[in-house]
Amino acid sequence: MPRLSEVVFALENLWPAERAEAWDAVGTVVGDPYQEVTRVLFAVDPVRETVDEAVKLGADLLVTHHPLYLRGTTTVAASHFKGRLVHTLIKNDIALHVAHTNADTADPGVSDALAGALDLRILGPLVPDASDPEGRRGLGRICELDHPVTAREFAARAAERLPATTQGIRLAGDPEALVRRVAVSGGSGDSLFGHLLPAGVDAFLTADLRHHPASEFIAGTHRPLALLDAAHWATEWPWCQLAAAQLDEISDRHGWDLRVHVSTTVTDPWTAHAASPDSTAGAPN
């Protein structure tokens, strides 16, 4: 069986820490480099549900997309929920490793997995990484559908193929506009609005779209361009499957015989949705 340090070395080759944003917190958070690893669990969030799942599974390593500590801390006391997670991980000999923005820009990365889940043909990154001479790494992906569909139909495809969440898919723009060339970006994507028009896309699927940026973008475009807003967790969960497959391949190549799992626990924070009876009726008098 490999030691944690060997598995982490393989993960760092997939998602080098130096490619993370300066503000990010990636890498190994908890774990003894010399402990043996036999079972690995991938998840989006390092929260109580996924840590408990790792304990129940008998995992030695939990790999998450989101950091446990994105900002600095002075304590891991169990009086706080993050401290309790650290205590649980250590007591159960479970390591925690994070790949966040270094996985976003990877080739393949988070947006490749999102495009794959939607059965899109990838043309290249929406925002290329200037350090990649091959032009394959970067934020987001520009993609094409096999044939044009309406924005409404594309939203329905996303709702069907992404993991089910309370939010579902919200659509801004003309629902009947035809969509052929699309951009996707896992996680929060409204910072990428400035790259959409030069990319010539008909639609952009991402998460966490806010009222003012979305409204101003739609009002300022001179041609139909649909915005599709999915749940943050749902746009990033497909990466867990991709990452698990990558580690499986590495395990087979090295003869490690790792057992690699993907958490299907929904850790999207929204738990209920009350639909308006008629969204076209206008505000009450």
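Preceding this section is the structure that the text describes.
Residues numbered from 1 in each chain as written. Predicted model: local features only at pLDDT ≥ 70, side-chain atom pairs only at ≥ 80, totals over all residues. Heavy atoms only, no water.

Engineer: Mind showing me how you'd approach the sheet that holds strand 3 (residues 61–64) here?
Structural biologist: Hydrogen bonds between backbone atoms are what pair the strands of a sheet, whose relative direction is either parallel or antiparallel. One open sheet accounts for 5 strands, arranged 1-4-3-2-11; its pairing is mixed. Each of the sheet's edge strands pairs with one partner strand only, and the pair in question is strand 1 (27–30) and strand 11 (259–262). Between one strand and the next, the sheet's axes are offset by a mean angle of 25°, whatever the strand orientation. The pairing of strand 1 with strand 4 (residues 95–98) spans 3 bridges and is classified as antiparallel. If you follow G27 over to strand 4, its bridge partner there is V98. (Pairing = 2+ DSSP bridges. Helix = DSSP H or I, 4+ residues; strand = E, 2+ residues; numbered from the N terminus. Axes fitted to C-alpha atoms, helices over the stretch in contact; angles between N-to-C directions.)

Engineer: What is the right way to look at the pairing of strand 9 (residues 203–207) in this model?
Structural biologist: Along a regular strand, successive side chains alternate from one face of the sheet to the other. The buried count for strand 9 comes to 5 of 5 residues, which makes it a mostly enclosed element. In the sheet, strand 8 (residues 178–188) pairs with strand 9 via 4 bridges, with the strands oriented parallel. By the bridge assignment, V182 is partnered in strand 9 with A203. Relative to strand 10 (residues 226–230), strand 9 runs parallel, the two sharing 5 bridges. Opposite A207, over in strand 10, you have A230 as the bridge partner. The β-α-β motif built from strand 9, the intervening helix 8 (residues 211–220) and the parallel element strand 10 has right-handed crossover chirality. (Buried < 20%, exposed > 50% of the residue type's maximum accessible area, 1.4 Å probe, protein only. Right-handed = clockwise from strand over helix to strand, strands pointing away.)

Engineer: Teacher, can you tell me more about helix 9 (residues 232–254) here?
Structural biologist: It helps to recall that an α-helix has 3.6 residues per turn; residues three or four apart then point in one direction. Spanning 23 residues, helix 9 covers 34 Å between terminal C-alpha atoms, matching the ideal 33 Å at 1.5 Å per step. Positive backbone phi, at 70°, marks G255, one or two positions downstream of helix 9. (Expected span 1.5 Å × (residues − 1).)

Engineer: Would you take a moment to explain the side chain of S185 for this structure?
Structural biologist: In this fold, S185 is placed in strand 8. Residues within four places of S185 in sequence aside, it is in contact with S111, L114, G140, L192, F204, L205, T206 and A207. (Contact = heavy atoms within 4.5 Å.)

Engineer: Just checking my understanding: could you explain the layout of surface pockets for this structure?
Structural biologist: Here the idea is plain: a probe the size of a water molecule rolls over the atoms and shows the empty space left. In this structure, the largest pocket spans a volume of roughly 820 Å³. Elements that contribute at least two residues to the lining of the largest pocket include exactly helix 3 (81–91), helix 4 (101–104), strand 8 and helix 9. In terms of residues, the lining of the largest pocket owes the most to one element, strand 8, which gives 4 residues. Partitioned by chemical class, the residues of the lining of the largest pocket number 14 nonpolar, 12 polar and 10 charged. In this structure, the second largest pocket spans a volume of roughly 330 Å³. Around the second largest pocket sit 10 residues that line it, and Q167, I169, R170, H273 and A275 are the ones nearest its centre. Looking at side-chain class alone, the lining of the second largest pocket contains 4 nonpolar, 5 polar and 1 charged residues. (1 Å grid on protein atoms, 1.4 Å probe; cavity = no way out; pocket = protein on both sides within 12 Å on 5 of 7 lines; lining within 4 Å. Points joined across faces, edges and corners; volume = space filled by probe spheres on them. Nonpolar A, V, L, I, M, F, W, Y, C, P; charged D, E, K, R; others polar.)

Engineer: In this structure, what is going on with the packing of helix 1 (residues 4–14) against helix 9? I would like to understand it.
Structural biologist: Between two packed helices, both the angle of their axes relative to each other and the distance between the axes serve to describe the pair. The N-to-C vectors of helix 1 and helix 9 enclose an angle of 125°; their axes lie 11 Å apart at closest approach. Judged on the interaxial angle alone, helix 9 and helix 1 are oblique. When you trace helix 1 past helix 9, the crossing you get is right-handed. Taking contact as the criterion, the partners of V7, A10, L11 and L14 in helix 1 are, on helix 9, Q246, L247 and I250. Taken together, the residues that form the contact of helix 1 with helix 9 break down as 6 nonpolar, 1 polar and no charged. (Parallel < 35°, antiparallel > 145°, perpendicular 65-115°, else oblique. Left-handed = near helix turned anticlockwise from the far one by under 90°.)

Engineer: Just to check I follow, could you spell out the packing of aromatic side chains for this structure?
Structural biologist: Each pair of aromatic rings is reported with the distance of its centres and the angle of its planes. Under the defined criterion, the tally for this structure stands at 5 aromatic pairs. With 6.3 Å between their ring centres and 80° between their planes, F42 and W239 make a pair best called edge-to-face. Linking F42 in strand 2 (residues 39–43) with W239 in helix 9, this pair joins segments that are 197 residues apart in sequence. Here a set of aromatic residues connected by ring pairs shows up, and it is made of W15, F42 and W239. (Phe/Tyr/Trp six-rings, centres within 6.5 Å; stacked < 30°, edge-to-face > 60°.)

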